[in-house]
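Residues per chain are reported as follows:
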Amino acid sequence: MSTSNEFPLPKRILSIQSHVVSGYVGNKAAVFPLQLLGFDVDVVNSVHFSNHTGYEGGVEGDVLKGNQLRDLLAGLERNGLLANMGHILTGYIGSESFLEAVLDVVDKVRTHSNEGRNVRFVCDPVLGDHGQFYVPPELVNVYKSRVVPIADVLTPNQFEVEQLTGIKIETMDDAKKACRTLHEMGPSLVIITSLVMKKPNDDNNNNNNNNNNHIQQSDTHTSGNISIMASQRLNHESSTCNDKASSSNNENDSESALENRATQLSSKIWSISCPEIPGRYTGTGDLCAALLLAHTAIRPNDIPGALEQVVDTMYAVIERTYRHSTVFASSSQRPNNKEDSKTGESAIMIAAKELQLIQSKHEIENPPKRFKAVKIQ
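Going along each chain's sequence as written, the residues are numbered from 1 onward. For this predicted model, a pLDDT threshold of at least 70 governs which residues receive local features, and a threshold of 80 or more governs which side-chain atom pairs are given and counted, while totals over whole chains, interfaces and linings are taken from all residues. Computation of side-chain values: all heavy atoms of the structure, hydrogens and water removed.

Would you take a moment to explain unusual backbone geometry for this structure?
Most peptide bonds adopt trans geometry, and most residues besides glycine take a negative phi value. The phi angle at His130 is positive, at roughly 50°, despite the residue not being glycine. Under the scheme used here, helices are H or I runs from DSSP no shorter than 4 residues and strands are E runs no shorter than 2 residues, and both carry numbers assigned from the N terminus. Here His130 is to be found in the loop between β6 (128–129) and β7 (132–133).

Please clarify how the nonpolar core should be interpreted in this entry.
Note that soluble globular proteins tend to have their nonpolar side chains buried in a common cluster. What makes a nonpolar core is a set of buried Ala, Val, Leu, Ile, Met, Phe, Trp, Tyr and Cys residues whose side-chain atoms join them at distances within 4.5 Å. Three labels apply to residues, based on accessible area from a 1.4 Å probe with only protein chains included: buried if under 20% of the type maximum, exposed if over 50%, partly exposed otherwise in between. Core analysis: the biggest nonpolar cluster contains 50 residues, and Ile16, Leu69, Val109, Phe121, Tyr143, Ile192 and Met229 have the highest contact counts within it. Here this core gets eight residues from one element, more than from any other, and that element is helix α3 (residues 96–112). It only takes one pair of heavy atoms within 4.5 Å for two residues to be counted as in contact. Setting aside anything within four residues of it in sequence, one finds Tyr143 in contact with Gly91, Ile93, Leu99, Cys123, Pro125, Val126, Leu127, Val148, Pro149 and Leu164. With 44 residues, the next largest nonpolar core counts Leu89, Ile277, Ala289 and Ala294 among its residues.

Could you clarify how one ought to interpret the pattern of salt bridges in this entry?
Two side chains bearing opposite charge may form a pair once their charged atoms approach each other closely. Throughout this description, the term salt bridge denotes a Lys or Arg side-chain nitrogen within 4 Å of a carboxyl oxygen of Asp or Glu. Taken as a whole and assessed by the stated rule, the structure comprises 13 salt bridges. In this structure, the salt-bridge partner of Asp42 is Arg12, at a minimum N-O distance of 2.5 Å. Highlighted residues: Asp42 in strand β2 (residues 41–49) and Arg12 in strand β1 (residues 12–20), separated in sequence by 30 residues. Using a relative accessible area of 27% as the deciding quantity, one classes Arg12 as partly exposed. Put simply, Arg117 and Asp107 hold a salt bridge, and the shortest N to O gap is 3.8 Å. Linking Arg117 in the loop between α3 and β5 (120–123) with Asp107 in helix α3, this pair joins segments that are ten residues apart in sequence. On the basis of relative accessibility, which here comes to 48%, the residue Arg117 falls in the partly exposed class. Residues joined in a network through salt bridges with shared partners are Arg12, Asp40 and Asp42.

What exactly am I supposed to notice about the side chain of Gln17 here?
Mapped onto the elements of the fold, Gln17 is located in strand β1. If near-sequence neighbours (up to four positions away) are discounted, Gln17 is found in contact with Gly26, Asn27, Ala30, Val44, Asn45, Ser46, Val47, Leu89, Thr90, Gly91 and Asp286.

In this structure, what is going on with the environment of Leu127? I would like to understand it.
Looking at where Leu127 falls in the secondary structure, it is placed in the loop between β5 and β6. Spatially, the C-alpha atoms of Leu127 and Val140 are 7.4 Å apart, while their sequence positions differ by 13 residues. In this structure Leu127 touches Gln132, Phe133, Tyr134, Val135, Val140, Tyr143, Phe159, Glu160, Gln163 and Leu164, once residues within four positions along its chain are discounted.

Sorry, what's going on with the pairing of β5 here?
Where a strand is regular, its side chains alternate between the two sheet faces. Here β5 shows a buried face lined by Arg120 and Val122 and a second buried face lined by Phe121 and Cys123. Whether two strands pair depends on DSSP finding at least two bridges between them. Bridging between strand β4 (residues 85–90) and β5 involves four bridges; their strand directions are parallel. In the strand pairing of β5, His87 is matched with Arg120. Place the viewer so that the strands point away; then a crossover is right-handed whenever the path from the first strand over the helix to the second strand goes clockwise. The handedness of the β4 to β5 crossover, carried by α3, is right-handed. The sheet contact formed by β5 and strand β8 (residues 153–154) spans two bridges and is parallel. By the bridge assignment, Cys123 is partnered in β8 with Leu154.

Written as structure tokens, this is what we have:
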């Protein structure tokens, strides 16, 4: 039983993402934090791989097909197990056929859940990063025309925002414009999970700089600050957002008409800037999307507070992972014979950069207060 309107009893989450035996990406990065924060999670693994694809030795495993996903859902439906579903979380989806099945899942869950159309669809539109696609580029149009319109919350990175909107993000104004465009497509909450801009918001940076002494900025691999932006739509036009199901089939809007309607939307926007921790760590986007789902569900009327909890947690986990990997790199555990163990060394060092999730249990449950959200609109 709910104790208050502000902190309602968390509903079950259906999480459709990748899975790895070793490491922390996809559901392996999302489920543990969600459970720690009080959510029951029903897990569908879109792939079941030995490890993530960053290892030189490749991967082994299986890929779930769209009809298999539909079969799993049918079993849940027959046994009345969709009734208490309150959230749907999706991550990496590698084919159009599986994406079509996911759309069927969203519709089915909203039909059979006690929450009805209020089942919240949190979509992490995994397309790629750092200028490279992880999925077939043709999936961009499927996301734009069919997936984004029925999503309640969208959590793209900078590359994905640019692909979905056609807007090159170099300034904060570019990011605001992109958020307006995404709001017009459907989602009421858009969170750009990683922004690295040529002309960042100096005020936002300065407000957080006093907290940024945890990583030495002289490190040659550090590229500066990275920001997260949350845009919450305050009002919208009935013709585009009252019926998301019908809007997903409307592909006749011209770009100019879309932009005109987007400028009429009103929104509140917050941003947090923090130092970019050296290195690249797989699974950070999956972890971030899960934390965003959890904290925005726990405090739906406090988006800046939820954003702070997410960023404080993310920074703590990545900082711990960074320190673990640097200590490991200089330790005697590394292979001594680089020539004879080239592949082994590479795999060992990649493994050392797997997210330190279990070790960060306390920080996930009790995020350190480090960064403050700044209202920029």
